[in-house]
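Fold and geometry: a report
Chain by chain, the residues:
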Amino acid sequence: MRRTHVSDQTNVKGVPKTWEDEADVVVVGYGGGGAVTAIAAADAGSRVLILEKSAAHRHVNNTNVSGGLFVSPNDPAKAFQYIKACIGDTVDDTMCQTWAEATSQNVAYLQELAKSVGEPSDVVRIHGAEFPDLPGAEGIDAYRLASGSGAKLFEILEKCVQARKNIRVAYSTPGKKLIQGEGGEILGVVAERDGKPINIRARRATILSTGGFEYNEQMKLNAFYGNPRYFYGPD
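As a starting point, this report considers the structure included with it. This is a predicted model, so every value here is computed, not measured.

1. Some words on the sheet that holds strand S1 (residues 11-13)
- The seven strands lie next to each other as S1-S8-S9-S10-S2-S3-S7, forming an open sheet whose pairing is mixed. Across the chains shown, the open sheet's two edge strands, defined by having one partner strand only, are S1 and strand S7 (167-170). Taking each pair of neighbouring strands and ignoring which way they run, the sheet shows an average axis angle of 40°.
- Docked against the sheet, helix H1 (residues 32-43) engages strand S2 (21-28), strand S3 (48-51), S7 and strand S10 (196-208), running at close to 170° with respect to S3.

2. Brief notes about the packing of helix H4 (residues 106-116) against helix H5 (residues 150-162)
- At a closest axis distance of 9 Å, the pairing of H4 and H5 adopts a crossing angle of 65°. Crossing geometry of H4 relative to H5 is assigned as left-handed. Of the residues in H5, those in contact with Leu-110, Leu-113, Ala-114 and Ser-116 of H4 are Leu-153, Ile-156, Leu-157 and Cys-160.
- Considered class by class, the residues forming the contact of H4 with H5 number seven nonpolar, one polar and no charged.

3. Some details on the pairing of strand S8 (residues 175-180)
- Judged from the three bridges that link them, S1 and S8 form a sheet pairing that is parallel. Across the sheet, Asn-11 pairs through a bridge with Leu-178, a residue of S8.
- Relative to strand S9 (residues 186-193), S8 runs antiparallel, the two being bridged by five bridges. Pairing of Ile-179 across the sheet is with Gly-188, part of S9.
- Here S8 folds back onto S9 in antiparallel fashion, the turn holding five residues, of which Gly-184 has a positive phi close to 100°.

4. Brief notes about the pattern of salt bridges
- The full count for this structure, using the stated rule, is 15 salt bridges.
- For Arg-203, the salt bridge goes to Glu-22, with nearest N and O atoms at 2.3 Å. Here Glu-22 lies in strand S2 and Arg-203 lies in strand S10, a separation of 181 residues in the sequence.
- Residue class for Arg-203 comes out partly exposed when judged on its relative accessible area of 36%.
- A relative accessible area of 32% means that Glu-22 is categorised as partly exposed.
- The closest approach of N and O atoms between Glu-119 and Lys-152, which form a salt bridge, is 2.7 Å. Taken together, the residues span a long stretch of sequence, with Glu-119 in the loop between H4 and strand S5 (123-127) and Lys-152 in helix H5 at a distance of 33 residues. Accessibility assignment for this pair places Glu-119 and Lys-152 in one class, buried.
- Here the salt bridges do not stand alone but share partners, grouping Glu-22, Asp-24, Arg-201 and Arg-203 into one network.

5. With respect to the state of the cysteines
- By the definition in use, this model includes zero disulfides.
- Take Cys-86: it sits in no disulfide, and the sulfur closest to it among the cysteines is that of Cys-96, at 9.8 Å.

6. A short note on the packing of aromatic side chains
- Counted under the stated rule, the structure contains three aromatic pairs.
- Taken together, a centroid distance of 6.3 Å and an interplanar angle of 50° make the contact between Tyr-30 and Tyr-171 tilted. Residue Tyr-30 is located in the loop between S2 and H1, and its partner Tyr-171 is located in the loop between S7 and S8; the two are separated by 141 residues in the primary sequence.
- Taken together, Tyr-30, Phe-154 and Tyr-171 form an aromatic cluster joined through their ring pairs.

What counts, and where the lines are drawn
- Residues numbered from 1 in each chain as written.
- Predicted model: local features only at pLDDT ≥ 70, side-chain atom pairs only at ≥ 80, totals over all residues.
- Heavy atoms only, no water.
- Pairing = 2+ DSSP bridges.
- Helix = DSSP H or I, 4+ residues; strand = E, 2+ residues; numbered from the N terminus.
- Axes fitted to C-alpha atoms, helices over the stretch in contact; angles between N-to-C directions.
- Contact = heavy atoms within 4.5 Å.
- Left-handed = near helix turned anticlockwise from the far one by under 90°.
- Nonpolar A, V, L, I, M, F, W, Y, C, P; charged D, E, K, R; others polar.
- Salt bridge = Lys/Arg side-chain N within 4 Å of Asp/Glu carboxyl O.
- Buried < 20%, exposed > 50% of the residue type's maximum accessible area, 1.4 Å probe, protein only.
- Disulfide = S-S within 2.5 Å.
- Phe/Tyr/Trp six-rings, centres within 6.5 Å; stacked < 30°, edge-to-face > 60°.

Next up, the structure:
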C-alpha cells in the first residue's frame, strides 16, 4: 500500500494488540460515494465493511437529499480540457484524465446498477457544463434519473449494496482515527461502537468517503461568506 501522510491529530501509530473487527476493504461513510466504492470493491472480490455514524433508522446522507444530478461527459478529451480549466494545477493530469474517462461511463454504469435490482433505468439530460465559456464545456452533460432525484438514486445504490453478500454495513459506528503502521501505511480505523473505541483492520485498503465539510467550522469560515451557516442534510 502506498505510504500516506496523516497528521498526528488524526491517527494512531503502531499495530494494535487486538483487532475487534476486520475486512479486506473498510469504507468510512455510507453516502453515494461510499456505496459506489463498496460495490466496486465487492465486485472485485473483496469483503467490505462500511462504517456509518448514523443509526440505521436515521440514516440520511448528502446524496439522499440532493437533486440527484450526476455528470456524464459525452467526450472524455473535452471533459479533460474542461476539468483542467476549472481546477488548474491543483490536481495532476493523470487524475484529471482518470476522472474524464471514468465519469464518461456514468450513465451506462448507473443504468446497469438500476437494472440489476429491478429499478427503472431511464435518465434525463438536465443541462450542460456549469461554466459554458470554459474550454471543453461542450463535452459536459449532466443527468438525473427519470424516476426521481437523489433519494431515488441512493435507493438504487442501497439496494445494490444489500444485494451483495460480501458487504456489511455497521451503523452507529463512526470512524474516529486512522491506524498507521511504522512505515506510514494505513492499517485500519479506530471506530466507536456502543460508546467504546474499537480497532478495525483493513487488510487491503481503507477508503474515506465521509462527505462534505459542513461539520468543519474552520473550512466553512475559509470558504463561505456569511456565517454561521446551517445545512439541511445528514445528522
